[in-house]
Amino acid sequence: MLQRDIKDNLEEFARIESFLDEERSYELDKGCEWVNDLLAELEENLEEDEKDPENRKMSVNLKIKRKSIPSYGEGLIVRGDFNGNFLTPCIKCLAPAAETCQGEFEAVFITDKFEKAEEFDETLSLWADNSELEVYFHNRGKCHIKKVVHEHIFLGLNPYPLHSEDCKGLCGTCGSDLNHEDCGHGAQ
């Protein structure tokens with residue numbers, strides 16, 4: 001399949017042979033199934049009635065091209081950025097907390113026959129296309145694009161989301177939400 005035949009949507013797994021040496025751009029949002037899956041994973045710890053479908057957003061912008069990588073053969077260069085808004089449980093009281101995610105990445109997919117190569121024991125990057133790129137491995141030309149985006153989103157998440165800075169949390173004795181009631185166990 002030639003590059004011009006690729007749809008505007010990008011599948012979770014991209015095939016190297018589907019791309020030419022010229023860069024192809026993708027602007028994806030939650031209308032793309034795997035981008036929506038990433039957003040759903042960010043909100044998986046919420047109850048259905050706590051979710052806010054109108055305000056949840058995710059955009060992923062990618063630039064992809066095929067390139068011959070010296071010593072490694074055909075590779076796929078993927079550069080991108082992401083930006084999202086979602087709700088996740090507050091770490092103190094479990095109420096929905098508004099969070100954002102954003103970031104950029106540069107990656108290269110090379111054949112998985114190099115996965116156990118000694119040179120990748122300590123670092124998973126290589127110089128290609130005039131940049132130091134993070135290395136991912138493809139299996140028989142299938143590159144897991146969603147995996148790259150997933151890793152970068154989850155590496156940059158706030159590990160301590162709060163619904164408000166002055167959240168009082170839950171009572172350690174009875175589990176009452178101390179933001180809404182004083183159960184009296186705090187004095188004991």
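Residues numbered from 1 in each chain as written. Predicted model: local features only at pLDDT ≥ 70, side-chain atom pairs only at ≥ 80, totals over all residues. Heavy atoms only, no water.

*Asks:* How would you explain the overall build of the chain if you had to name every residue and give the values?
*Replies:* Scanning the chain from terminus to terminus reveals two helices and eight strands. Going from the N terminus to the C terminus, the chain shows its helices and strands as β-β-α-β-β-β-β-β-β-α. Against the compact-globule benchmark of 16 Å for 188 residues, the chain has a radius of gyration of 21 Å, which places it well outside the compact range. Each principal axis of the C-alpha atoms in the chain carries an extent, and together these give about 70 × 40 × 25 Å. The proportion of buried residues among the 188 residues of the chain is 40%. Pairs at least 24 residues apart make up 59% of the contacts formed inside the chain by residues separated by at least 6 positions. In the form shown here, the chain has an accessible surface area of approximately 11,400 Å², with 44% of it arising from carbon and sulfur atoms. Once the 21 positive and 41 negative side-chain charges of the chain are each reduced to a mean point, those two points are 7 Å apart. (Helix = DSSP H or I, 4+ residues; strand = E, 2+ residues; numbered from the N terminus. Rg over C-alpha atoms; globule rule 2.2 N^0.38 Å. Buried < 20%, exposed > 50% of the residue type's maximum accessible area, 1.4 Å probe, protein only. Contact = heavy atoms within 4.5 Å. Areas by Shrake-Rupley, 256 points an atom, 1.4 Å probe, with all protein chains shown as cover. Lys, Arg positive; Asp, Glu negative; His and termini not counted. Charge placed at Lys NZ, Arg CZ, Asp CG, Glu CD.)

*Asks:* Summarise helix α2 (residues 145-155); cite the residues concerned and give the values.
*Replies:* For α2, the complete set of buried residues consists of I145, K146, V148, V149, H152 and I153. For α2, the angular spread of buried residues about the axis comes to 160°, placing them on one side. (Arc of directions from axis to C-beta.)

*Asks:* Give a description of the environment of E118 that names residues and reports values.
*Replies:* Looking at the secondary structure, you find E118 in the loop between β5 (96-111) and β6 (125-128). Since its relative accessible area comes to 69%, E118 is described here as exposed. Considering only alpha carbons, one finds E118 and D177, 59 residues apart in sequence, at a separation of 53 Å.

*Asks:* Describe the packing of helix α1 (residues 33-42) against α2, with residues and values.
*Replies:* Contact geometry of α1 with α2 gives a least axis separation of 11 Å together with a crossing angle of 30°. Taken together, the axes of α1 and α2 lie roughly parallel to each other. In this structure, α1 crosses over α2, and the sense of that crossing is right-handed. Of the residues in α2, those in contact with W34, D37, L38, E41 and L42 of α1 are I145, K146, V149, H150, I153 and F154. Partitioned by chemical class, the residues of the contact of α1 with α2 number seven nonpolar, one polar and three charged. (Axes fitted to C-alpha atoms, helices over the stretch in contact; angles between N-to-C directions. Parallel < 35°, antiparallel > 145°, perpendicular 65-115°, else oblique. Left-handed = near helix turned anticlockwise from the far one by under 90°. Nonpolar A, V, L, I, M, F, W, Y, C, P; charged D, E, K, R; others polar.)

*Asks:* Hey, could you go over the pattern of salt bridges for me, with residue numbers and the actual values?
*Replies:* Per the counting criterion, the structure on display carries eight salt bridges. As a salt-bridge pair, R15 and E17 come within 2.6 Å of each other at their nearest N and O atoms. One salt bridge connects D129 with K67, and the closest N-O pair in it is separated by 3.5 Å. Of the two residues, D129 is situated in the loop between β6 and β7 (131-138) and K67 in strand β3 (residues 57-69); the sequence distance between them amounts to 62 residues. You can call D129 buried: its relative accessible area is 16%. Classification of K67 by relative accessible area gives partly exposed; the value is 30%. Each of K65, K67, R79, E106 and D129 takes part in one network of salt bridges that share partners. (Salt bridge = Lys/Arg side-chain N within 4 Å of Asp/Glu carboxyl O.)

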